[in-house]
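Structure at a glance
In case you want the letters, here they are:
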Amino acid sequence: MKKKILVTGGTGYIGSHTTVELIENGFEVVIIDNLYNSEADVIDRIQKITGIKPSLEVFDLCNSEKLDVFCRKNRDIAAVIHFAAYKAVGESVNKPLDYYRNNLLSLVNLLDAMKKNGIPNLVFSSSCTVYGQPEKLPVTENSPLQPATSPYGNTKQVGEAIIRDTTVSDKNIKAISLRYFNPIGAHPSSLIGELPRGVPENLVPYITQTAYGLREELKVFGDDYNTPDGSCVRDYLHVVDLAKAHVVAVKRLIDENNKTNYEVFNLGTGIGVSVLEAIKSFEKVTGIKVKYKIVARRAGDIEKIWADPSYANKELGWKTLSTLDESMKTAWEWEKKVRSK
Ligand code: UFG
C-alpha cells in the first residue's frame, strides 16, 4: 500500500514540485489548498509529469471544522508537509494580523487535527529568515536566531516554536523544520514553476519577467553593501533539489527506528551568490541582456547569508545537484512556456 502524504499548499511553487517528487517516490498525495496564490490546473500539470493526479481539496486551513472532517476521513495519513502560508515579507509589514492569523492559526489547527486523529508526522516550511543577519557565515543550524525583522519572519520563528513545543508535550508527534535559503528555477518539464500574482517580489521571477518584456527594468536594491560587488548575497537553490529534501524528510519521519522527535535542517547549496552574479548567470545561459538599474537599498534586506548545508548533507544524505546556471535556465524555460499559452 502506498503511504499517504498530506501536502498543504500543494498547488503552490514549492508544494507542486514536492508533490511531483513524492509521487515519483511511490507516495500517494492528497493536497489541501485554498488557491489563494495558485491555480487548480496545477494538479493536471502534475498529472502530465507523473501520470498520476493528486487529489485536491479546496479549503482554508483556518477553518478548523473542515480540517477536522478531512482528517477524520484520512486518518491513514502517514505525514503532513505544511507549505500553505503567506510569504510576502513587505506585505506582512502592512498586514501583520493577516499574516499571524493565516500562518499561525492554520498551523495550530493542523497540529490539533493531527493530534486528534492520530496523524504522527509533520514537515514544516521554514526559512533562513530566522537567522536575520548572521554574524558568522556560513550559517549552521546552531547559529543563533535573531529577532525577526518582519511579521512574516516572525511567523516562521513562532511556527517553529509551536511545533517544537508540541513535539515536547506529545511524543506521538514527530516533526522536522526545513529552513530554506532561496529557492529558484522550475521543473525541467516546464509544466510547473513559480507564478507570482502581480509584480514579483523575488529576484528571479523579476529577472525572467523583465527578460520576457513584461517588466520595464529590474531594480537592483543597493550596490553599496559590504560584499565583493556591493550587491546582496544569497544562497540560491534549485526548487527540484529542495523538493527532494522533503521526500527524504518524510522518509526519515516515518522510519520507525528514528526516535528523534524534532529536528531542524538548513537547505541550501553552501554558495553565496550576489544579485549581480545572479543576473550574469541568467544572461550567460539565455543570451539575453537583462535591463537593470541600481536603486536604493530595500528596507529590511539582509546583506549576506548562505548556508552551511553539511548537517543536511550528512544526516539526510541530501545535497543540491543543480548549479545556478541550470536553475536560471529552467526558470527561463518556464517563463517562456507559461507566457506562450
Ligand atoms: N532583489 C533585487 N531586485 C528585486 C528583487 C530582489 O535586487 O526586484 C534582491 C534583494 O534585494 C535581495 C535578493 O535580490 O538581495 C534576493 O531577494 P528575494 O526577494 O528574491 O529574496 P529574499 O532573500 O529577500 O527573501 C527570500 C524569501 C523570503 C524569505 C527570505 C529569507 O522570499 O520568503 O528569503 O531570507 F524570508
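The following paragraphs examine the structure supplied in this document. Just so it is clear, the model here is predicted, and its values are computed rather than measured. (Residues numbered from 1 in each chain as written. Predicted model: local features only at pLDDT ≥ 70, side-chain atom pairs only at ≥ 80, totals over all residues. Heavy atoms only, no water.)

Overview of the overall build of the chain
The test is simple: We count a stretch as a helix when DSSP gives it H or I for four or more residues in a row; a strand needs E for two or more, and each element gets its number in order from the N terminus. Computation of the radius of gyration draws on C-alpha atoms alone. For the globule rule, the value is 2.2 Å times the number of residues to the power 0.38. Any residue under 20% of the maximum accessible area for its type is buried, any over 50% is exposed, and the rest in between are partly exposed; the area is computed with a 1.4 Å probe on protein chains only. The Shrake-Rupley method, run with a 1.4 Å probe sphere, supplies the accessible areas, and residue values consider only the shown protein chains as cover. For this count, His and the chain ends are skipped, Lys and Arg are scored as positive, and Asp and Glu as negative. For charged residues, the charge sits on one atom: NZ in Lys, CZ in Arg, CG in Asp, CD in Glu.
The helix and strand tally for the chain stands at eleven helices and 13 strands. Here the C-alpha radius of gyration of the chain, 19 Å, is about what a compact globule of 341 residues would show, namely 20 Å. If you line up the chain on its principal axes, its C-alpha atoms span 55 × 45 × 40 Å. Counting all 341 residues of the chain, 55% fall into the buried class. Just so you have it, the chain exposes about 15,000 Å², and 51% of that area is on carbon and sulfur atoms. The averaged location of the 42 negative side-chain charges in the chain is 3 Å from the averaged location of its 44 positive side-chain charges.

Details of the pairing of strand β4 (residues 77–82)
Our working rule: Pairing between two strands requires that DSSP report at least two bridges joining them.
For β4, the buried fraction is high: six of the six residues fall into the buried class. Summarising the sheet, strand β1 (residues 4–8) and β4 pair through five bridges and their orientation is parallel. Among the inter-strand pairings, Val 7 is bridged to a residue of β4, identified as Ile 81. In this sheet, strand β5 (residues 121–127) lies alongside β4 in parallel orientation, the contact comprising three bridges. Within β5, the residue paired with Ile 81 across the bridge is Val 123.

What about the side chain of Gln 157?
The test is simple: Under this definition, polar contacts are N or O atom pairs within 3.5 Å; protein pairs additionally need one hydrogen-donor-capable and one acceptor-capable atom, and for neighbouring residues in sequence, both atoms have to be side-chain atoms.
Tracing the sequence through the fold places Gln 157 in helix α6 (residues 151–169). Only 3.2 Å separates the side chain of Gln 157 from the backbone oxygen of Val 130, close enough to count as a polar contact.

Description of the nonpolar core
Keep this limit in mind: Residue types Ala, Val, Leu, Ile, Met, Phe, Trp, Tyr and Cys, when buried and joined through side-chain atoms within 4.5 Å, form a set referred to as a nonpolar core.
In terms of nonpolar packing, the biggest core is built from 47 residues, with Ile 5, Leu 22, Leu 178, Phe 181, Val 250 and Leu 267 touching the most fellow members. Sort the elements by how many residues they give to this core and helix α8 (residues 239–254) lands first, with nine residues. Core analysis: the next-biggest nonpolar cluster, separate from the first, contains 23 residues, Leu 111, Ile 173, Ala 175 and Val 264 among them.

Focus: unusual backbone geometry
Of note, the bond from Leu 137 into Pro 138 is cis; its omega dihedral lies within 30 degrees of zero at -5°. The residue Pro 138 is located in the loop between β5 and α6 in this model. Positive phi, normally seen in glycine, also occurs at Ser 190, with a value near 60°. Structurally, the position occupied by Ser 190 is in the loop between β7 (182–184) and α7 (203–212). A residue is classified by how much of its surface remains accessible, and Ser 190, at 8% relative accessible area, is buried.

Things to note about the site of the ligand
Put simply, the rule reads: Each residue is tested against the molecule or strand, and it is near if at least one of its non-hydrogen atoms lies within 4 Å.
Taken together, 20 residues lie near the ligand, and Asn 202, Leu 203, Lys 219, Arg 234 and Asp 301 sit nearest. At a separation of 2.7 Å, an oxygen atom of the ligand approaches a polar side-chain atom of Asn 202. At 2.5 Å from an oxygen atom of the ligand is found a side-chain nitrogen or oxygen belonging to Asp 301. Across the complex, the protein chains shield 90% of the 680 Å² of accessible surface that the ligand would expose by itself. Those elements that provide at least two residues to the shell around the ligand are α7 and β8 (218–221). With four residues, the single largest contributor to the shell around the ligand is β8.

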